Amino acid sequence: MRFPSSIFVSVSLFTAETTAALYLSSTYRSDGDKIWQGLTLLFTLVPSVLVQLTLTFIHRDLSRDRPLILLLHILQLGPIVRCLEAFCIYGSVGRVEEPYVSITRKKQMPRRGQAEEVERQVGQAEGKLFTHRAAFARTSVIQAFLGSAPQLTLQLYICVLQRGVSIGRGTLMVISLLSIVYGALRCNILAIKIKYDDYEVDVRPMAYVCIFLWRSFEIATRVVVLVLFSSVLQLWVLPVVLLNFLIFFLYPWILFWQSHSPFPENIEKTLTRVGTTIVLCMLTFLYAGINMFCWSAVQVKLSDPDLINKSQNWYRMAVYYMMRFVENASLLLLWYIYKTDIYKFICAPLLVLQLLVAYAIAIFFMLVFYQFCHPCRRLFSSSMTQGLWDCSSLLCLMCNSASSQNRPIGKDLRRDTCSKTGRWVQGCSAITAPQPQQTH
C-alpha cells in the first residue's frame, strides 16, 4: 500500500496558505487597508468552506452519526482531521486482520497489441484510503482555482500598485502559486485515472516533472498578463474576466442541451432535482474557474453518466491554446499602449517578449508530456501530432475559403487552392464541387 503523500501535501498547502492569508489580512488591518483585507479574507474563507462541503459530501457524513466530525468541519478543521484519519488507517494496515476483501480487475498497458487483465485483492483499509485520496484530489483542485488563483492575482496586483513586495505578501504568493500548480497537476492525474479507469495506470516521475513545468509556465504567465492588463485598464478587466468565465460556464450546458440527453439523476440518490442542479452548477463553476487560468484536463460532459468526457479531443485543446495565446498577446499589446509611469523603469518590449516565450515554453512541455511521457499514450486513438496537424489544416481551409469569397472563383483558382492545402483539401473541394447533371 502506497504512503498517502498526496494527502499530506494537500493538507500542508491548505494549512500554510490559510495561515499566511490570515497573517497578511491582519497586517492590512493594521495599515488601514480595509478593501485589501476583505478581499484577502474572501479568497481564503470561501474556498475553505467549499473544501469542507466537498469532504462532507464525498464521505457522506450527513447520513452518518458523526457529530464531532461535522463540528470540526464547521470550524474549518476538516482537512486536518481527515489527514490524521488517513494516516491512522495507513498505520493500522497489517496489524488487524481484514474481515473481508474485494477483488478488482485492472488491465495492464497493452504490449504487442494485447492487454492482460490482472486481479488483485483490496482490503477494507485500502478502500478507505482510496476514498481519502480521491476526496483530497478534488479538494486540491477546488482550493487551487477558486482560492489560490484569485488570491495570487490579487496580491500581485497589490504589489504592482504599491511598487513593493513585503515578506508576508511574498510568502503568500509563493504558496498560492505552488497550490495552483499542484491543483493543476492533480487535475491532470485525476483526468487520466477517470478516462482509463479499466487500466492500471503508473505515472512515471518524468511525467510529473513535465506536468509541473507545463503548468508552472502556463499559470504564471496567465496571472502576470491579467495583472498587467488590470493595472492600466481597470474598467475593462471585469468584462474580459466575465466573458471568459461565462463562455466556459455555459459551454457544457450548451453541449448538454444539443445532445437532448435526459437530466442526470445518478449523482447521489439522496439529492433532489434542485440539489442535483446545484451540484452540476458548482461543477461547471469550477470548470470555468480552471479554464480561466489554464487548460482543464478534466472536460465536463453533462450527458455522460460520469459527467466527464473520456475521449481525447485534440481539436478542442489546440483551439484553446491558439485562442489563449492570441488573447494574451492582445492584452499585452493593450497594456503596452496604455502603460503608465509605474512601468517607466521596465523594458516593456522585453517583458512582452518574455511572457509570450514563457507561454510558448508551457505549450512545449505540454507537447512533450502527451507525446512521450503520458502513461496511456499507447491507448490514444490518434496521435497528438496528427490531431494538431489536422486542426492546422482545417484552419488553413477556413482561411482559404474566407479569402476565396472576396474574389471570383474559377477552375484555376480552385486547382491552386487544392495544391496548397494538400490531399485532404482536395477531397473537401471534390465534395463541394457541383456535379454534372445527366440528361435523358
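What you see is a predicted model; the values in this text were computed from it and never measured. (Residues numbered from 1 in each chain as written. Predicted model: local features only at pLDDT ≥ 70, side-chain atom pairs only at ≥ 80, totals over all residues. Heavy atoms only, no water.)

Trainee: Give a description of helix α10 (residues 314-338) that names residues and reports values.
Mentor: Its 25 residues place the ends of α10 36 Å apart at the C-alpha level, agreeing with the 36 Å of an ideal helix rising 1.5 Å per residue. When α10 is considered as a whole, its buried residues turn out to be W314, R316, M317, A318, Y320, Y321, R324, E327, N328, L331, L332 and W335. (Helix = DSSP H or I, 4+ residues; strand = E, 2+ residues; numbered from the N terminus. Expected span 1.5 Å × (residues − 1). Buried < 20%, exposed > 50% of the residue type's maximum accessible area, 1.4 Å probe, protein only.)

Trainee: Pulling in residues and values, what's your account of the nonpolar core?
Mentor: One finds F145, W214, Y321, W335, F369 and Y370 to be the most contacted residues of the largest nonpolar core, which totals 94 residues. When sequence neighbours within four positions are dropped, the list of residues in contact with F145 reads P150, I180, G183, A184, G289, I290, F293 and C294. Residues V11, C83, A125 and F136 belong to the second largest nonpolar core, which totals 8 residues. (Core = buried A, V, L, I, M, F, W, Y, C linked by side-chain atoms within 4.5 Å. Contact = heavy atoms within 4.5 Å.)

Trainee: I'd like a rundown of the UniProt feature "transmembrane region" (unreviewed entry) in the protein, residues and numbers included.
Mentor: Listed under "transmembrane region" (unreviewed entry) in the UniProt record, and renumbered for this structure, are residues 36-58, 166-185, 235-256, 277-298, 318-338 and 350-372. As annotated, residues 166-185 has a helix share of 95% and a strand share of 0%, and its two end C-alpha atoms lie 29 Å apart. For residues 318-338, helix accounts for 100% and strand for 0%, while the C-alpha atoms at its two ends are 30 Å apart. (UniProt positions renumbered as here; feature names shortened; annotations may be inferred.)

Trainee: Tell me what's going on with the side chain of S25, and back it up with residues and numbers.
Mentor: Turning to its location among the elements, S25 is positioned in helix α1 (residues 5-31). For S25, the side chain forms a polar contact with the main-chain oxygen of L22, separated by 2.7 Å. Dropping the residues within four chain positions of it, S25 is found in contact with Q37, T40 and L41. (Polar contact = N/O pair within 3.5 Å; in protein donor to acceptor, adjacent residues only side chain to side chain.)

Trainee: Help me get a handle on a nonpolar patch on the surface, residues and values and all.
Mentor: Together, L68, L71, I74, L75, L77, I80 and L84 make up an exposed nonpolar region whose accessible area comes to about 680 Å². Elements with a minimum of two residues in the nonpolar patch: α3 (67-74) and α4 (78-92). If you tally residues by element for the nonpolar patch, the top one is α3, at 3 residues. Positionally, I80 belongs in helix α4. (Patch = residues over 30% accessible without salt bridge, like charges linked within 9 Å, V, L, I, M, F, W, Y side chains within 5 Å. Areas by Shrake-Rupley, 256 points an atom, 1.4 Å probe, with all protein chains shown as cover. Salt bridge = Lys/Arg side-chain N within 4 Å of Asp/Glu carboxyl O.)

Trainee: Can you lay out empty space enclosed by the protein for me, pointing to particular residues and giving the numbers?
Mentor: Scanning the model with the defined rule gives 2 cavities of 30 Å³ or more in all. As a volume, the largest cavity reaches approximately 150 Å³. Contributing to the lining of the largest cavity are 16 residues, with K195, W295, A297, Q312 and Y370 lying nearest its centre. Elements that contribute at least two residues to the lining of the largest cavity include exactly α6 (167-195), α10 and α11 (348-373). The leading source of residues in the lining of the largest cavity is α6, at 4 residues. In this structure, the second largest cavity encloses a volume near 110 Å³. The wall of the second largest cavity is formed by S10, L13, F14, V51, P79, F136, T139, S140, Q143, A144, S179 and Y182. (1 Å grid on protein atoms, 1.4 Å probe; cavity = no way out; pocket = protein on both sides within 12 Å on 5 of 7 lines; lining within 4 Å. Points joined across faces, edges and corners; volume = space filled by probe spheres on them.)

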